[in-house]
Amino acid sequence: MTDLQNEVDFVAEHDIEIHDLANQIQKNVLDMETGMRGYVLTGNDEYLEPYNEGNRNWLDNYNNLHSQLADNGAQKRNLEEIKPLILDWINTSGEYMINAKKGHKTTLIKQYFAKNTGKKITDQLRTQFDSFLATEKESTTKRINKLNEHTNNLKLILYALIILVTVFTIAIAVFLSNSIVRTIKQVVNTIKGITDTNSEIDLTSRIKVNTRDETQELAEAMNQLLSSLEKHNWVQKSLTDISTLYQGITDINELSRVFISKLAPLFQAAYGVVYLRREQGGEVDFVKVAGYAIADDDLVKTHFRYGEGIVGQAALDKRIFLIDQIPDDHFKITTGLGASSPRNLLVAPILFEDRVEAVVEFAALQPFQSEHLTLLDLLQDKFGSSISTVAGRMEVERLLAESQILTEELQAQSEELQAQSEELQMQQEQLRLSNDYLEEQKEFAEQRALELKKAKDELEDYSIKLKMSSQYKTDFLANMSHELRTPLNSILILSQMLMENNSDMGGEEVAEYARVVNSSGADLLRLIDDILDLSKIEAGKIEILTDEVNVTEIPQTMKNMFNPMAAKKNLQFEIKTDPSVPPVITTDGQRLQQILKNLLSNAFKFTEQGSVTLQIEPAPSEKAEKLLNNQTSKPVLAISVSDTGIGIPAEKQQIIFDAFQQVDGTTNRQYGGTGLGLSICREFTRLLGGELEVQSEPQKGSTFTLYIPSRLEAEESVPVDVQLAMQEVAVTNEVNEGPKTVEPSLPQAEEECPDGQLFKGKRVLLVEDDGRNVFALVTALERKGVKVQVAEHGKEAIEILQKRADYDLVFMDIMMPVMGGYEAMKIIREDLGMHHLPIIALTAKAMKGERDKCMEAGASDYIMKPLNIDQLFSLMRVWLTEQVIQD
């Protein structure tokens, strides 16, 4: 068979290779001839590529073919006769004619084709190759015939061997069948008894065989199987018994006690203990919680750490330790008649999801069996899962209590917001809708707390969400308090000063006061309008009034509105309108303009340099089909607002449109705002039947795209019921106006007052980022003869105090960009060491515990915005007088 295979390989590889090489050489010659003729006829160098390729390859193919014919002298000589013909053609025809063409020797070319020298050589080559291939084909045919003859002989030999082996096998089978049939019947009967579920088999019985042959091995194997089944049956029964003990247990210590009390007798152990995982302060200990046959005076260690002792090492390695030959003084098992030393020790970790939840330890007088280890290995995951389940249930109960506390705190915060609303009731009647909204949120949180009791298995995740929701809403309340109280503060102070209308107040000063009061009132009205819009959307009371909107007027309207802001921030503001945009669409023009104003306000707010672009163009066809349900007869516009500002992180882009959420929800964030603008934009967009999408990259800018369809006129004045989705983990990108600027204070003469000598010449550092409050406070203080230095944030205040420390008093706002008041006061007290410098905290946050937080941060006193100017002066008298006494 080996020789036959070698012959087959020789024919398949050698003969076919010779045919391929011969054909390849013949093709190379043909390519050279074709390339030469094409070049001579056209003069194009591209025809020389096949000539050069064939000229390079024919000799390599010839050498390979020559080496293949090493054992065939006749064919080798035939091949050698072909080589001179190829070389002769190359020299006398190929190279000769190519050089003649390159030299433009037309006469030589005509003479060559007239004599037809090259054709004679190629005809002779073709004859030589045909003869060579015919000889090779005849040789291959002879090899194949010989191969067929050898194959037939091999078939005869194989048939004879098969018949011989079959006869021999039948004889052996008949001889052996009688000797093993009896044992096999016993094994079969035993197996039937095992597989028959209705019959009971004695797993302790064994098959006995007196012979010393294969039947004895079969019987011994069956006996080993019975032993294995007996152990397996014991393991399964024990596993079932122990698993039923876990039901109804809600205390992890009771679970450990039941487990060790059941397992120790099964292992025939005289001693057992369970160590449970405990985490405190980032460190993990394994603490003893239950024992078996442990006396109070036994020296049993109460806890282990990872890698400490065999118990700690078993937890670290996550493997079972089986130790025999324990020293006599290791541990004593006490009975009524005396004490004995165990000889074997078993320590095993209890795992759940590859984490060690507990470690169990057993000691016995006799060795532990393999079935004991198997049972313990199977119990690792089950007991670990039970520990995790019971611990989770206990944690759920703990979280339930915490969630109830959080709900009470949320209710207290809602009550505080109600109190603030009552204070502003005369000036902002419409804020009552905001209180209704907060009441709905309180009821929503209470309902969620009740649902927690019905779904204990989901309590942990829900409790985390509730904490985050409470924190976001707390931050929102603080920021809203700041945004409302900041303009209100300047209104109250300046209006009080205008009421006094002292004779030394000039007309220009009164006009400036009135301008600041008007600006603050407008800011306050915008905040109220945002809250009212959101409340109306939630209540389903927003009406969409559709009418024809002139799209060509939108660019000029937006330019008139935002060109001053662009010029003020030195930004490029560009509006692009596609020529194919329809001149008129049917929609609610007022809501559309409000959406564009909010988006452009955000773009200018977050862009310090670069440009803001408003682009109006037709929406892509797939977006139009989606919005209009494949009714593409109505036009759909795509209005995009692009900026080169700070951008939005990818993880925030899907949640920036949710209410009460901000990218930076802290009170000292750089950009202010209530977190409502983009939420209102999204809801107005939905009411208009459109979509609002965002694409952004941090530090590279953002693009908000509004897809707005033309609505049917029949949809006019139809109230739309909208339920605003309240997400619990989100942030927003919304802002109000450009950066606040400090208005210059007008110098005033010292006001005649009883305490003029106390205030006159005192140096006060005012740390405040709102220009209106700065103007009001500086004006009021300078009228008392106080010298005021202004810092826009905490970091600037620290730099001023480092250069000059002779200030008599510091007014510190709490919520500021760059560095807030809390951090600034701590640095002044601790790093600068100014422990006696009076610092009065000014804050618009009316939250629970705010005064304590200010005092802990280093404030000497605390006053809440909106400020009462008389109360402010009273505080100044107290602290300036105390400072004079100390001096």
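Up top is the structure.
In this text, all values refer to a predicted model and were calculated from it rather than measured experimentally.

Here the focus is the pairing of strand β16 (residues 701-709). The element β16 is extensively covered by neighbouring structure, given that 8 of its 9 residues are classed as buried. Of the pairings in the sheet, the one linking strand β14 (residues 636-643) to β16 comprises 7 bridges and is antiparallel in character. Bridge pairing in β16 links A638 to Y707. Connecting the antiparallel pair strand β15 (residues 691-697) and β16 is a turn made up of 3 residues, with Q699 showing a positive phi of about 70 degrees.

Packing of helix α14 (residues 589-605) against helix α16 (residues 677-687) brings their axes to within 10 Å, and their N-to-C directions diverge by 150 degrees. Two packed elements cross with a definite hand, and for α14 against α16 that hand is left-handed. Contacts between α14 and α16 involve R591, Q594, I595, N598, L599 and N602 from the first element and G677, L678, I680, C681, F684 and T685 from the second. Looking at the contact of α14 with α16 residue by residue, the classes come out as 6 nonpolar, 5 polar and 1 charged.

A word on the environment of I333. With respect to the helices and strands, I333 occurs in strand β5 (residues 333-335). Each C-alpha atom of the pair I333 and L365 lies 9.3 Å from the other, and the pair is 32 residues apart in sequence.

Inspection of the entire model under this criterion finds 9 aromatic pairs. Summarising the aromatic geometry, the rings of F573 and F604 are spaced 5.3 Å apart at their centres and angled 75 degrees between planes, so their arrangement reads as edge-to-face. Of the two residues, F573 sits in strand β11 (residues 572-577) while F604 sits in helix α14, which places them 31 residues apart along the sequence. Assessed through its relative accessible area of 13%, F573 is described here as buried. Arranged with centres 5.9 Å apart and planes meeting at 45 degrees, the rings of F759 and F873 form a pair that is tilted. With a gap of 114 residues between them, F759 in helix α17 (residues 756-759) and F873 in helix α22 (residues 869-886) connect regions that are remote in the sequence. Each member of the pair, F759 as well as F873, carries the same accessibility label: buried. Here the aromatic residues F267, F362 and F368 are joined through ring pairs into a cluster of three or more. Lying over the aromatic face of F321, R319 brings its terminal NZ or CZ to 4.0 Å of the ring centre.

For the rest of this paragraph, the subject is helix α13 (residues 554-568). When the terminal C-alpha atoms of α13 are compared, their 22 Å separation across 15 residues agrees well with the 21 Å that a helix rising 1.5 Å per residue should span. Remark: the principal bend of α13, roughly 45 degrees, maps to F562, with a proline, P564, within the next four residues. Listed as buried for α13 are I554, P555, M558, F562, M565 and A566. Lining the buried residues of α13 we find β10 (547-550), β11, α14 and β13 (611-618). Backbone geometry just downstream of α13 places N570 in the positive-phi region, at approximately 60 degrees.

This paragraph deals with the sheet that holds β13. If you walk across this open sheet you meet the 5 strands as β11-β13-β14-β16-β15, and the pairing is mixed. Edge strands, defined here as strands with exactly one partner in the open sheet, are β11 and β15. On average, each strand axis in the sheet is inclined to that of its neighbour by 10 degrees, with strand direction left out of account. Bridge analysis of β15 against β16 gives 7 bridges, and the strand direction is antiparallel. Bridged to E693 within β16 is T705. Docked against the sheet, α14 engages β11, β13, β14, β15 and β16, running at close to 20 degrees with respect to β14. Those strands touched by α16 are β15 and β16, and its axis lies near 140 degrees from that of β15.

The next point concerns unusual backbone geometry. One non-glycine residue, K318, lies in the positive phi region at around 60 degrees. Counting through the fold element by element, K318 comes out in the loop between α8 (309-317) and β4 (321-324). On the accessibility criterion, K318 (34% relative accessible area) is partly exposed. Its identity as a non-glycine residue notwithstanding, V818 has a phi of 70 degrees, on the positive side. Within the fold, V818 resides in the loop between β20 (809-813) and α20 (821-830).

Looking now at the nonpolar core. Side chains of nonpolar character tend, in soluble globular proteins, to be buried together. Grouped together as the largest cluster of nonpolar side chains are 39 residues, with contacts concentrated most on M558, F573, F604, L637, I639 and L706. Of all the elements in the fold, those that place two or more residues in this core are α13, β11, α14, β13, β14, α16, β15 and β16. When residues of this core are assigned to their parent elements, the largest contribution, 7 residues, is made by α14. Each residue touching F604, except ones within four places of it in the same chain, is listed here: F562, M565, A566, K569, L571, F573 and V612.

Turning our eyes to something else, we now look at the environment of I25. Assignment of secondary structure puts I25 in helix α1 (residues 2-42). For I25 and L59, which are 34 residues apart along the polypeptide, the C-alpha to C-alpha distance reads 8.1 Å. Filtering out sequence-adjacent residues up to four positions away, I25 remains in contact with W58, N61, Y62, L65, I86 and F129.

Within the element layout of this structure, I86 appears in helix α3 (residues 73-102). Residues I86 and I25 lie 61 residues apart in sequence; the distance between their C-alpha atoms is 9.7 Å. Residues contacting I86, with those up to four places away along its chain left out, are I25, V29, W58 and L125.

Rules behind the numbers
Positions within a chain are numbered from 1, following the residues in the order the chain's sequence is written. Given that the model is predicted, a residue must reach a pLDDT of at least 70 before its local features are reported, and side-chain atom pairs must reach 80 or more before they are shown or counted; all residues, however, enter totals for whole chains, interfaces and linings. No hydrogens and no water enter the side-chain calculation; it runs on all heavy atoms of the structure. For every residue, the accessible area (1.4 Å probe, protein chains only) is compared with the maximum for its type, and the residue is labelled buried under 20%, exposed over 50%, or partly exposed between those bounds. Only runs of H or I of at least four residues qualify as helices and only runs of E of at least two qualify as strands under DSSP, and these elements are numbered from the N terminus. Paired strands, as defined in this entry, are two strands with at least two bridges between them according to DSSP. Only the stretch in contact is used when fitting a helix axis, every axis being a line fitted to C-alpha atoms; angles between N-to-C directions are given from 0 to 180 degrees. In this scheme the handedness of a crossing depends on how the near helix is turned from the far one: anticlockwise by less than a right angle means left-handed, clockwise means right-handed. Any two residues whose heavy atoms approach within 4.5 Å are treated as being in contact. Classification used: nonpolar for Ala, Val, Leu, Ile, Met, Phe, Trp, Tyr, Cys and Pro, charged for Asp, Glu, Lys and Arg, polar for all others including Gly. Note on aromatic contacts: the rings of Phe and Tyr and the six-membered ring of Trp form a pair at centre separations within 6.5 Å, being stacked when their planes are under 30 degrees apart, edge-to-face when over 60 apart, and tilted otherwise. Only Lys NZ and Arg CZ are tested; either one counts as a charge over a ring when it is within 6 Å of the ring centre and within 35 degrees of the ring normal. A helix is expected to span 1.5 Å multiplied by its residue count minus one. Bend at a given residue is defined as the angle between two axes, one fitted to the seven residues that end at that position and one fitted to the seven that begin there. Put simply, buried Ala, Val, Leu, Ile, Met, Phe, Trp, Tyr and Cys residues joined by side-chain atoms within 4.5 Å make one nonpolar core.

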